[in-house]
Each structure stands twice: as C-alpha cells, then as structure tokens.
Amino acid sequence: MIDFDNRTSLNLQTQMIELIASSFSDKEIELIITDEDEMREINKAHRNIDKATDVLSFPYEEMPMSPLGSIVICSSHIQEKSKELEHTEDDEFTLLFIHGLLHLLGYDHEVDNGEMREEEARIIKEFNLPQSLIIRTEG
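Thresholds, definitions, all that
Residues numbered from 1 in each chain as written. Predicted model: local features only at pLDDT ≥ 70, side-chain atom pairs only at ≥ 80, totals over all residues. Heavy atoms only, no water. Helix = DSSP H or I, 4+ residues; strand = E, 2+ residues; numbered from the N terminus. Contact = heavy atoms within 4.5 Å. Polar contact = N/O pair within 3.5 Å; in protein donor to acceptor, adjacent residues only side chain to side chain. Phe/Tyr/Trp six-rings, centres within 6.5 Å; stacked < 30°, edge-to-face > 60°. Buried < 20%, exposed > 50% of the residue type's maximum accessible area, 1.4 Å probe, protein only. Patch = residues over 30% accessible without salt bridge, like charges linked within 9 Å, V, L, I, M, F, W, Y side chains within 5 Å. Areas by Shrake-Rupley, 256 points an atom, 1.4 Å probe, with all protein chains shown as cover. Salt bridge = Lys/Arg side-chain N within 4 Å of Asp/Glu carboxyl O. Lys, Arg positive; Asp, Glu negative; His and termini not counted. Charge placed at Lys NZ, Arg CZ, Asp CG, Glu CD.

Take the environment of Lys27 next. Along the chain, Lys27 falls in the loop between helix H1 (15-22) and strand S2 (29-34). For the pair Lys27 and Thr88, spaced 61 residues apart in the sequence, the C-alpha separation amounts to 28 Å. If we skip the residues at most four places from it in the chain, Lys27 touches Met1, Glu62, Met63, Met65, Ser66, Pro67 and Leu68. From its side chain, Lys27 meets the backbone oxygen of Met63 in a polar contact 3.4 Å long. Looking at Lys27, its side chain comes within polar contact range of the main-chain oxygen of Ser66, at 3.0 Å.

As structure tokens, this is what we get:
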C-alpha cells in the first residue's frame, strides 16, 4: 500500500503509517523521505517557494486503480521537530505523514473551517500520538 522511498539515512518504521493509511484508503501511496536540498527543489518547482518545507502532498487524479498520490517529507524536519518536542523520530514521521495523507484526501487547512485540524486531532488521539503540525500551530 505504501511505496516507501527513503533517500536518507534515517531509520524509520512504517508499520504505524501503513495502519493509518489503510484505515482511510486501499489505494497505493508513494512516500518519499528526502533531504532539505531536494525538498527545496520540489517546493520551488511545484509551489514557486524557494525554501524547504516539512511535507508536501501531490494528489493523483481520481481514476480506477490509480494511486491516491505522493507525499514527500523532509528528513531534517523530522529530526529537528522530534528533538525540539521531545518525541521520537518515528512519531514525528507519522505526524507529518498524517498531515500529508489528509491533504491527499482533500483536506486543506489553509481554506477550511477547521475540519482538517479536527480530523488530524481525532487520528492523533485514536493512534495515541503526540500533538501534530496543525495542532501545534493553530492552538
């Protein structure tokens, strides 16, 4: 279900993200973990923002048997936030994956009325994870 491409030296576990993803969709998800330089290039090419970011999502067009989409996560953000917030790299990886997954599913915290934040909080509670991206930044 998850096509995992770890382009870094981080040793990340995928069991939790597989469980979370399967609770939402049976479609394949491409998941790339990359460094800050590549993330910056991707962000510039697709969003015209010349800096690295923590997570990007690219939903695929809905077609029979098509994958759900791609999620790209920056390894340095996993490392920095896990240290700063004193939880594991796997927890931070999972939180960023959830954020990306919700974007693939059509949620958009930049324009919604809190629905993405509520769904993220629900998933975090269900899977007993520390507070996430939106939860940390929006209250």
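Structure shown, so let's carry the discussion forward.
Moving on, we get to the packing of aromatic side chains. The way to describe two aromatic rings as a pair is by their centre distance and the angle between their planes. A full pass over the atoms with the stated rule returns one aromatic pair. Taking 5.9 Å as the distance between ring centres and 50° as the angle between the ring planes, the aromatic pair formed by Phe4 and Phe93 counts as tilted. In this pair, Phe4 is assigned in strand S1 (residues 2-6) and Phe93 in helix H4 (residues 89-104), connecting sequence segments 89 residues apart. Given a relative accessible area of 0%, Phe93 falls into the buried group.

A word on unusual backbone geometry. Positive phi outside glycine occurs at Asn48, with the angle close to 55°. Mapped onto the elements of the fold, Asn48 is located in the loop between helix H2 (36-47) and strand S3 (55-59). At Glu86, a position not held by glycine, the phi torsion is positive, near 55°. Within the secondary structure, Glu86 is located in the loop between helix H3 (75-85) and H4. Look at Glu86 and you get exposed, because its relative accessible area is 73%.

Judged by side-chain charge, Asp35, Glu36, Asp37, Glu41 and Glu80 come together as a negatively charged surface patch. Tallying contributions element by element places H2 first for the negative patch, with three residues. Assignment of secondary structure puts Glu41 in helix H2. What makes Glu41 exposed here is its relative accessible area of 57%.

Worth remembering: the numbers are spatial, not functional.
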